[in-house]
Amino acid sequence: MKIPIKNICCIGAGYVGGPTMAVLAYKCPQITINVVDVNQNRIDSWNSQDLSKLPIFEPGLKEIITKTRNKNLFFSIHIGECIANADMVFISVNTPTKTKGLGAGKASDLKWVEASARQVALHAKAHTIVVEKSTLPVRTAEVVTKILKSSNNYENLKRKSSFDILSNPEFLSEGSAIDDLFNPDRVLIGGESQDAMNSLGEIYKNWVPEEKILYTNIWSSELAKLTANAFLAQRISSINAIGALCEATGADVREVARAIGTDSRIGSKFLNSGPGFGGSCFKKDILNLVYLADYYGLKEVANFWEEVVKLNDWHQHRISRLIIKKLFGTVSGKKICILGFSFKSNTNDTRESAAINICRDLIEEGAILFINDPKVEPKQIAIDLNKDEYKELKDINKIQLLNVEGLWCFEENIYNAFENADAIVVLTEWHEYSLIDWGIASRKVRKPCFIFDSRSILVKEDIVKNDLNFWRVGDGNCP
Ligand code: NAD
Ligand code: UGA
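Residues numbered from 1 in each chain as written. Chains lettered and ligands numbered in written order. Predicted model: local features only at pLDDT ≥ 70, side-chain atom pairs only at ≥ 80, totals over all residues. Heavy atoms only, no water.

As a further point, take the overall build of the protein chain. Scanning the protein chain for helices and strands turns up 19 helices and 14 strands. Computed over C-alpha atoms, the radius of gyration of the protein chain comes to 24 Å, within 12% of the 23 Å expected from 2.2 N^0.38 for 479 residues, which places it in the range of a compact globule. Considered along the principal axes of its C-alpha atoms, the protein chain spans approximately 75 × 50 × 45 Å. Burial statistics for the protein chain: of 479 residues in total, 54% are counted as buried. For the protein chain, contacts bridging at least 24 residues in sequence account for 74% of all contacts bridging at least 6. Surface summary for the protein chain: the accessible area is close to 21,600 Å², and the carbon and sulfur share equals 52%. (Helix = DSSP H or I, 4+ residues; strand = E, 2+ residues; numbered from the N terminus. Rg over C-alpha atoms; globule rule 2.2 N^0.38 Å. Buried < 20%, exposed > 50% of the residue type's maximum accessible area, 1.4 Å probe, protein only. Contact = heavy atoms within 4.5 Å. Areas by Shrake-Rupley, 256 points an atom, 1.4 Å probe, with all protein chains shown as cover.)

Rendered as structure tokens:
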């Protein structure tokens, strides 16, 4: 018997919880959805009347929020009450890599998942389906089950609450989250109880074709999520490794990618060489896989996947080393304009962005960075770079005269940022950077000036004809 779901509570109002529940509310107006979080500021932002203040930027998100918020979608900090009213609870909290203790640097820190499970155990009434939406190590459902079923809270026993646990990992990508949620390649539901799986399946059937809803056992579902991210990240490390070889041999990584991508067994997606993958999940999820493989004594498996992360780290530092080398071996006191700080375009998320390592390297070498990003707040960049000097530097134009080094500032206007620049580095593929007028840029920079395109979004000829030096990732024909 499948239980019809009328009320959902989602714990965690982040990059996954917010957009996922907004789309669910939009597609299922018959269901009331409460998204709850411990972070009052985040909830206030979700409830802000000014939609430019939503805590995350995603194309199409504002429109969905306008149509659903305070109709059947609510954001609050009333965790207990919302759990008590729910037939189904999604756990969509953060699961970062542990920074200390057993498994530090590799294993996922499950303290927020555990805390959520305890909250559910404490407040649930009657039968509740608990859905793991967060990305979790295999067999986490065991831990969640133990917490839920061993609850000896008196009230809880009186209420006769009972639970089914499902795994329903999320595959959305930031920057295209709404589109991905509207048209998923698949929806994965893992569990033991067929009834509970059907109840969740029925929700998705409101907009997802039935053949795209896959049912598996719970462990396969948990492992499939980690595996999907590991395979995607592995493709990027593979193409970035080949890009470095292209630069050394005169080949062009774009041509190689096109040639191999037409093989239907390989496919053309995720073959863009860039500055190295970023984002909150690829590194964390692969390291988690490495930890699991190690834990089960599979050393070779662990080593294999760890290389994907190691290559990515090497590649990010390779880009900064290359910039320094092209600028005659030193960037000390030189002005470098950084275009893009988010880990990819169409998001304000900077978690694990390649820009962080590359900017830190350049600052360490004494460069003066003028950083631009259309969506990332200067405050966030300051946190990521562990620096607050941007305040001091903000209004200084002729920086080369000041004999300073190793500083950065944020510059909203990219043409102002070009003033006297020795180099311009594209780190995120924001569309506006592909529209730059290189004639104007050429008149503003200090010559010789070098343009570094780590995203292959610029037109080489436009740059070279304006008397600027050009380098792009994986291009063996750049001087
Ligand atoms: P996030 O950090 O943006 O959001 C998590 C939210 O959970 C935070 O707002 C935090 O305050 C809240 N939270 C933590 N503990 C809580 C508790 N006990 N009670 C209430 N709220 C609590 O994280 P995210 O990017 O949304 O990722 C969430 C999960 O989804 C992770 O496991 C991640 O791996 C996975 N995932 C993320 C993406 C993505 O694109 N970001 C995509 C797929 C899967
Ligand atoms: C990734 C996966 O694509 C999602 O399916 C998954 O749900 C999500 O992780 C997650 O679990 O968090 P996301 O990190 O948001 O999504 O973005 P991606 O588009 O995968 O990009 C990740 C990084 O790889 C970015 O830095 C991007 O610039 C880089 N990338 C991507 C490349 O360098 N080349 C490519 O061809 C593709």
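The rest of the description comes next.
Here the focus is a nonpolar patch on the surface. A cluster of nonpolar side chains, Tyr295, Tyr296, Leu298 and Val301, forms an exposed patch at the surface whose accessible area comes to about 440 Å². Along the chain, tyrosine 295 falls in helix H12 (residues 282-295). (Patch = residues over 30% accessible without salt bridge, like charges linked within 9 Å, V, L, I, M, F, W, Y side chains within 5 Å. Salt bridge = Lys/Arg side-chain N within 4 Å of Asp/Glu carboxyl O.)

Between the first and last C-alpha of helix H5 (residues 111-123) there are 18 Å, a value that for 13 residues agrees with the 18 Å anticipated at 1.5 Å per step. Those residues of H5 that sit buried are Val113, Ser116, Ala117, Val120 and Ala121. The arc enclosing the buried residues of H5, seen along the axis, measures out at 140°, which places them on a common side. (Expected span 1.5 Å × (residues − 1). Arc of directions from axis to C-beta.)

The next subject is the site of ligand 1. Around ligand 1 sit 27 residues in total, of which Asp37, Arg42, Thr95, Glu174 and Lys284 are the nearest. The contact in question runs from an oxygen atom of ligand 1 to an N or O atom on the backbone of tyrosine 15, over 3.0 Å. One nitrogen or oxygen atom from the side chain of asparagine 94 is found 3.5 Å from an oxygen atom belonging to ligand 1. Notes on ligand 1: free accessible area 830 Å², of which the protein chains cover 92%. With three residues, H5 is the single largest residue contributor to the shell around ligand 1. In the shell around ligand 1, the residues fall into 10 nonpolar, 10 polar and seven charged. There are two domains that each give the shell around ligand 1 at least three residues, and those are domain 1 (7-216) and domain 2 (217-479). (Near = heavy atom within 4 Å. Polar contact = N/O pair within 3.5 Å; in protein donor to acceptor, adjacent residues only side chain to side chain. Nonpolar A, V, L, I, M, F, W, Y, C, P; charged D, E, K, R; others polar. Domains from an automatic or database assignment.)

In the structure shown here, the tally under the stated rule is 13 aromatic pairs. Seen in terms of ring centroids, tryptophan 46 and phenylalanine 75 are 4.8 Å apart; in terms of plane orientation they differ by 5°. Their pairing is stacked. Placement of the pair is tryptophan 46 in helix H2 (residues 40-46) and phenylalanine 75 in strand S3 (residues 73-76), with a sequence separation of 29 residues. Note on accessibility: tryptophan 46 and phenylalanine 75 belong to one class, buried. On the basis of an interplanar angle of 50° and a centroid distance of 5.6 Å, the ring pair of tyrosine 204 and tryptophan 207 is categorised as tilted. In terms of burial, tyrosine 204 and tryptophan 207 fall into one category: buried. Among the aromatic side chains, those forming a connected cluster through ring pairs are Phe328, Phe450, Phe452 and Trp471. In this structure, lysine 27 is placed above the aromatic ring of phenylalanine 182, and the distance from its NZ or CZ to the ring centre is 4.3 Å. Directly above the aromatic system of phenylalanine 57 lies the positively charged group of lysine 375, at a separation of 4.4 Å from the ring centroid. (Phe/Tyr/Trp six-rings, centres within 6.5 Å; stacked < 30°, edge-to-face > 60°. Lys NZ or Arg CZ within 6 Å of the ring centre and 35° of its normal.)

What follows covers the site of ligand 2. In the neighbourhood of ligand 2, 19 residues make up the surrounding shell, with Leu172, Glu174, Asn272, Cys281 and Arg455 lying closest. Note that an oxygen atom of ligand 2 is positioned 2.8 Å from one of the backbone N or O atoms of phenylalanine 171. Contact distances for ligand 2 include 2.7 Å between an oxygen atom and a backbone N or O atom of leucine 172. Out of a free accessible area of 700 Å², ligand 2 has 90% covered by protein chains. Considering every element that reaches the shell around ligand 2, the biggest residue donor is helix H10 (residues 218-249), with four residues.

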